[in-house]
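Here is how the chains run, residue by residue.
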Amino acid sequence: MQRPGRMMAAEMAEQPAVLRRLLADGAPAIRATAEAVAEHRPRFVLLAARGSSDHAALYAKYLLEVRLGLPCGLSSMCTTTAYGARPRLKDVLVVTVSQSGGSPDLVASTQAARAAGAITLAVTNNPDSALAAVSEYHVDVLAGPERALPATKTYTASLLALYLFVEALGGAAEDLPGAARLPALAERILARHDEVRTLAARYRFAERMVITSRGFGYPTAREAALKFMETSYVPALAYSGADLLHGPLAMVDNVSPVIAVVGEGRGGEALRPVLDRLRGRGADLFVVGPERHVAAASAGFVLPVDGVPEELQPVLEIVPLQLLAYEVTLARGRDPDAPRAPAKVTGTR
């Protein structure tokens, strides 16, 4: 009998190697693609995705707006696939992120965008996919086959690929020392699996979770919530720290855990008043972030981010939360490799 969670564990463990491969083998092609896209001088960016890829696309939105000053939006694909809308997309860059590249609505909306004059870029783990075929440009995240249903290595690879693309689009130098540090730091995090297993015992019987962050960490909060819901079936609600204070804070108590992703940078500083409010309500607060914030929480994981800029920290932030979701699932007697809704490629239209 196969050990529960074997595939997810193996793919989480592959992440340092995937990041190294992307930096060594993928970066030159990504730079060339970004330079070709830059020649079009896009005035606006639309991002389209589903599931984990949607959170990677949200990360790209932060990158494009903060690093390049390009206005961005998240596409509502059903406006074209269900309602037949035909927006005017001349000089608009449409970036579609999909691990499989096979979802029919992503393919159809990309086809419609290209027909409407958009510059189209697919970011996938499958260069032979239908999405790659209908897009003008393609970025391969080089994660290798992903057999586990919960996305892990394809998510972090997508984040790094998008970072490399955005930096090159803005004309940054090829030498990105912060990115070069990621594989070794990811290895250090994965080596602390036993520490996470011990922490997971706190949440074995959790009936719900709230996960919060701000800035570049917010996509991490959303991806972590998805990981808990799809593996352990714990209802997990993700909120920007600012949105959490506008009403949802009322549901926070001293029973249901709150996970805060606290980056080293402006996003983490913006989250500080939220952390104060959560502690004031007696929340069971779990922090992923700097030691000073973990020490003031109920529990947490000190994240090593030495020499990594804030905009790259999400590549590392999600790793301990993947491990935590995995261990909580096992502690609840379930198999993260076999969730109740097994669909690697979602057939939405």
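Going by the structure above, here's the rest.
Residues numbered from 1 in each chain as written. Predicted model: local features only at pLDDT ≥ 70, side-chain atom pairs only at ≥ 80, totals over all residues. Heavy atoms only, no water.

Draft legend 1. Focus on the overall build of the protein chain. When helices and strands are tallied, the protein chain shows 15 helices and 10 strands. On C-alpha atoms alone, the protein chain measures out to a radius of gyration of 19 Å, which is about the 20 Å that the 2.2 N^0.38 rule sets for 349 residues. By principal-axis analysis of the C-alpha atoms, the protein chain measures approximately 55 × 45 × 40 Å. Across the 349 residues of the protein chain, 55% fall into the buried class. By sequence separation, contacts in the protein chain at least 24 residues apart represent 76% of the contacts at least 6 residues apart. Here the protein chain holds 37 positive side-chain charges and 36 negative ones, and the gap between their average locations is 5 Å. (Helix = DSSP H or I, 4+ residues; strand = E, 2+ residues; numbered from the N terminus. Rg over C-alpha atoms; globule rule 2.2 N^0.38 Å. Buried < 20%, exposed > 50% of the residue type's maximum accessible area, 1.4 Å probe, protein only. Contact = heavy atoms within 4.5 Å. Lys, Arg positive; Asp, Glu negative; His and termini not counted. Charge placed at Lys NZ, Arg CZ, Asp CG, Glu CD.)

Draft legend 2. Structural view of the sheet that holds strand β5 (residues 137–140). Spatially, β2-β1-β3-β4-β5 is the arrangement adopted by the 5 strands of the open sheet, whose pairing is parallel. If you trace the sheet from one side to the other, it starts and ends with β2 (72–74) and β5, each paired once. Direction aside, neighbouring strands of the sheet carry axes that sit 20 degrees apart on average. Two elements, strand β1 (residues 44–49) and β2, share 3 bridges in a ladder whose sense is parallel. Across the sheet, residue Leu47 finds its bridge partner in β2, namely Leu74. (Pairing = 2+ DSSP bridges. Axes fitted to C-alpha atoms, helices over the stretch in contact; angles between N-to-C directions.)

Draft legend 3. Examining helix α13 (residues 266–280) more closely. Taking 1.5 Å as the rise per residue, α13 with 15 residues should run 21 Å; its terminal C-alpha atoms sit 22 Å apart, in good agreement. At Arg272, α13 is bent by approximately 35 degrees, the largest bend along its length, and proline Pro273 sits one to four residues beyond. Of the residues making up α13, those classed as buried are Gly267, Gly268, Leu271, Val274, Leu275 and Leu278. Where α13 terminates, the next one or two residues include Gly282, which has phi positive at roughly 70 degrees. (Expected span 1.5 Å × (residues − 1). Bend = angle between axes of the 7 residues up to and from the residue.)

Draft legend 4. Unusual backbone geometry, seen in detail. Within the chain, Arg41 stands out as a residue other than glycine whose phi angle is a positive 50 degrees. Here Arg41 lies in the loop between α2 (15–38) and β1. At Leu142, a residue that is not glycine, the phi angle is positive and equals roughly 55 degrees. Here Leu142 shows up in the loop between β5 and α7 (153–169). On the basis of relative accessible area, Leu142 is assigned to the partly exposed category, the value being 23%.

Draft legend 5. Layout of the pairing of β1. Counting buried positions along β1 yields 5 of 6 residues, so the element is predominantly enclosed. For β1 and strand β3 (residues 92–98), the ladder comprises 6 bridges, and the chain directions are parallel. Across the sheet, residue Phe44 finds its bridge partner in β3, namely Val92. Crossover connection from β1 via helix α3 (residues 51–67) to parallel β2: handedness right-handed. (Right-handed = clockwise from strand over helix to strand, strands pointing away.)

Draft legend 6. Inspection of the pattern of salt bridges at higher detail. Per the counting criterion, the structure on display carries 19 salt bridges. The closest approach of N and O atoms between Asp306 and Arg188, which form a salt bridge, is 3.7 Å. Taken together, the positions of Asp306 in the loop between β10 (299–302) and α15 (314–331) and Arg188 in helix α9 (residues 182–190) put the pair 118 residues apart, joining distant regions of the chain. A relative accessible area of 41% places Asp306 in the partly exposed class. Since its relative accessible area comes to 43%, Arg188 is described here as partly exposed. Each of the salt bridges in this network shares a partner with another, and the network as a whole consists of Arg67, Glu167 and Glu311. (Salt bridge = Lys/Arg side-chain N within 4 Å of Asp/Glu carboxyl O.)

Draft legend 7. Summary view of the packing of α2 against α9. Interaxial distance between α2 and α9 falls to 8 Å at its minimum, and their mutual angle equals 175 degrees. When the axis of α2 is compared with that of α9, the two are roughly antiparallel. Contact with α2, carried on its side by Pro16, Leu19, Arg20 and Leu23, involves Leu182, Pro183, Ala184, Ala186, Glu187 and Leu190 of α9 and no other residues of that element. (Parallel < 35°, antiparallel > 145°, perpendicular 65-115°, else oblique.)

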